[in-house]
Amino acid sequence: MKKVLVGAVIALASVLIYKSCTDDRHQKSVLEENSMLIQQELRNVSKLVVTEGHFAEVYNYKDSKELFGPLITAHKKALVVVNADVSIAYDMSKIGYEVDKENKTLKISEIPEPEIKISPDFEYYDVTADYLNPFNAKDYNAIKRNVNASLMQKIEASSLRSNAENRLVSELSRILVLTNSMEWTLVYNNTPVENAEQLESFLD
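Within each chain, residues carry numbers counting from 1 in the order of the written sequence. Per-residue local features are limited, in this predicted model, to residues with pLDDT of at least 70; the limit for side-chain atom pairs, both in listing and counting, is 80 or more; totals at the level of whole chains, interfaces and linings are taken over all residues. Only heavy atoms go into the side-chain values, all of them from the structure, while hydrogens and water stay out.

Draft legend 1. Geometry of the pairing of strand β3 (residues 96-100). The pairing of β3 with strand β4 (residues 105-110) spans five bridges and is classified as antiparallel. Counted as the bridge partner of Tyr97 is Ile108 from β4. The hairpin turn running from β3 into β4, its antiparallel successor, is four residues long, and Lys104 in that turn takes a positive phi close to 50 degrees. The pairing criterion is simple: DSSP has to find at least two bridges between the two strands. Counting from the N terminus, the helices are the DSSP runs of H or I reaching at least four residues and the strands are the DSSP runs of E reaching at least two.

Draft legend 2. Quick look at the nonpolar core. For our purposes a nonpolar core is just a set of buried Ala, Val, Leu, Ile, Met, Phe, Trp, Tyr and Cys residues, chained together by side-chain atoms within 4.5 Å. The buried label applies to any residue whose accessible area, calculated with a 1.4 Å probe on protein chains only, is under 20% of its type's maximum; exposed applies above 50%, and partly exposed to all values in between. Within the largest apolar cluster, 39 residues are counted, with the highest numbers of intra-cluster contacts made by Ile38, Val80, Met92, Ile143, Val147, Leu172 and Leu186. Sorting the residues of this core by element identifies α1 (2-45), β1 (48-67), β2 (72-91), β4, α2 (137-157), α3 (160-181) and β6 (185-188) as the ones contributing at least two each. Among the elements that line this core, the one with the most residues is α3, at eight residues. We call two residues in contact whenever any of their non-hydrogen atoms come within 4.5 Å of each other. Look past the residues within four positions of Ile143 in its chain and what remains in contact with it is Tyr59, Tyr61, Val80, Phe122, Tyr124 and Phe135.

Draft legend 3. Here's a closer look at the pattern of salt bridges. The working definition used for a salt bridge is a side-chain nitrogen of Lys or Arg within 4 Å of a carboxyl oxygen of Asp or Glu. One pass over the full model with this rule turns up seven salt bridges. The shortest N-O distance in the salt bridge between Asp100 and Lys107 comes to 3.9 Å. Judged by its relative accessible area of 14%, Asp100 falls in the buried class. On the basis of relative accessibility, which here comes to 34%, the residue Lys107 falls in the partly exposed class. With its nearest N and O atoms 2.7 Å apart, the salt bridge here joins Arg161 to Glu156. Arg161 gets classed as partly exposed once you look at its relative accessible area, which sits at 21%. The class for Glu156 is partly exposed, based on a relative accessible area of 40%.

Draft legend 4. Examining unusual backbone geometry more closely. Unusually for a residue other than glycine, Lys104 sits at a positive phi of about 50 degrees. Structurally, Lys104 can be placed in the loop between β3 and β4. Looking at Lys104, the relative accessible area reads 29%, which means it is partly exposed. A positive phi angle, near 50 degrees, is found at Asn189, a position not held by glycine.

Draft legend 5. Focus on the sheet that holds β6. The mixed open sheet is built from four strands, whose spatial order is β3-β4-β6-β7. The open sheet has two edge strands with one neighbour each: β3 and β7 (191-193). The average undirected angle you get between the axes of adjacent strands in this sheet is 30 degrees. Looking at chain direction, β4 and β6 are connected through four bridges and run parallel. Directly across from Thr105, in β6, lies its bridge partner Thr185. Between the N-to-C directions of two axes lies an angle of 0 to 180 degrees, each axis being a line fitted to C-alpha atoms and, for a helix, fitted only over the stretch in contact. α3 rests against β4, β6 and β7 of the sheet, and its axis sits at about 140 degrees to β6.

Draft legend 6. Inspection of the packing of aromatic side chains at higher detail. To pair, rings of Phe, Tyr and Trp, with the six-membered ring standing in for Trp, must have centres within 6.5 Å; the planes then decide the type, stacked if under 30 degrees apart, edge-to-face if over 60, and tilted in the middle. One pass over the full model with this rule turns up four aromatic pairs. Here Tyr61 and Phe135 contribute two aromatic rings whose centre-to-centre distance is 6.0 Å and whose plane-to-plane angle is 55 degrees, an arrangement assigned as tilted. Of this pair, Tyr61 sits in strand β1 while Phe135 sits in the loop between β5 (115-129) and α2; the two residues are 74 residues apart in sequence, bridging distant segments of the chain. Arranged with centres 5.7 Å apart and planes meeting at 40 degrees, the rings of Phe135 and Tyr140 form a pair that is tilted. Under the relative-accessibility criterion, Tyr140 is labelled partly exposed at 31%. In textbook terms, an aromatic cluster arises when at least three aromatic residues are bridged by ring pairs, as seen for Tyr61, Phe122, Tyr124, Phe135 and Tyr140. Whether a charge sits over a ring comes down to the Lys NZ or Arg CZ being within 6 Å of the ring centre and within 35 degrees of the ring normal. The ring of Phe135 is capped by Lys76, whose NZ or CZ atom sits 5.7 Å from the centre of that ring.

Laid out in structure tokens, this is it:
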């Protein structure tokens, strides 16, 4: 009788140990699979997200140069029409992240800064200059600097940047949806992310 009981206990223990090992292997397999899915999704969004726009600028350039003190003043001026293609891009491959399989957490440590590219086309009209104060490379460089600064102000005041941020949030939301569906937690700068509105707040 004792041999039967001992045998039964050993058999039961063997079954429990086997089941425990099987469950543990299954859990590790699921975690590994989920981790691979998350990393695959990160690779899918690791592309350049670009928002494009067009701006026009009319710029009046004037410069005066005194010669022989205030006795003689040499003037020059130009009317410049600028058409500029502008793009705002986020290089998603620069996202900093860590996959914590043990705690089922995806930690994002860095979101890339926007890269603003301005491609202006300059057309010069009514270019006049005195003989003693001619146009030179310094003038053209000053015009380009001033126009780029003015265009940057227009970009900041326009909806182009917010549209670019919306596209960025849309890409990041794909990651949020995936982690939520697998009962993982998305964390940015040690703060759990629960919805897209939080993602938007991180960009402010």
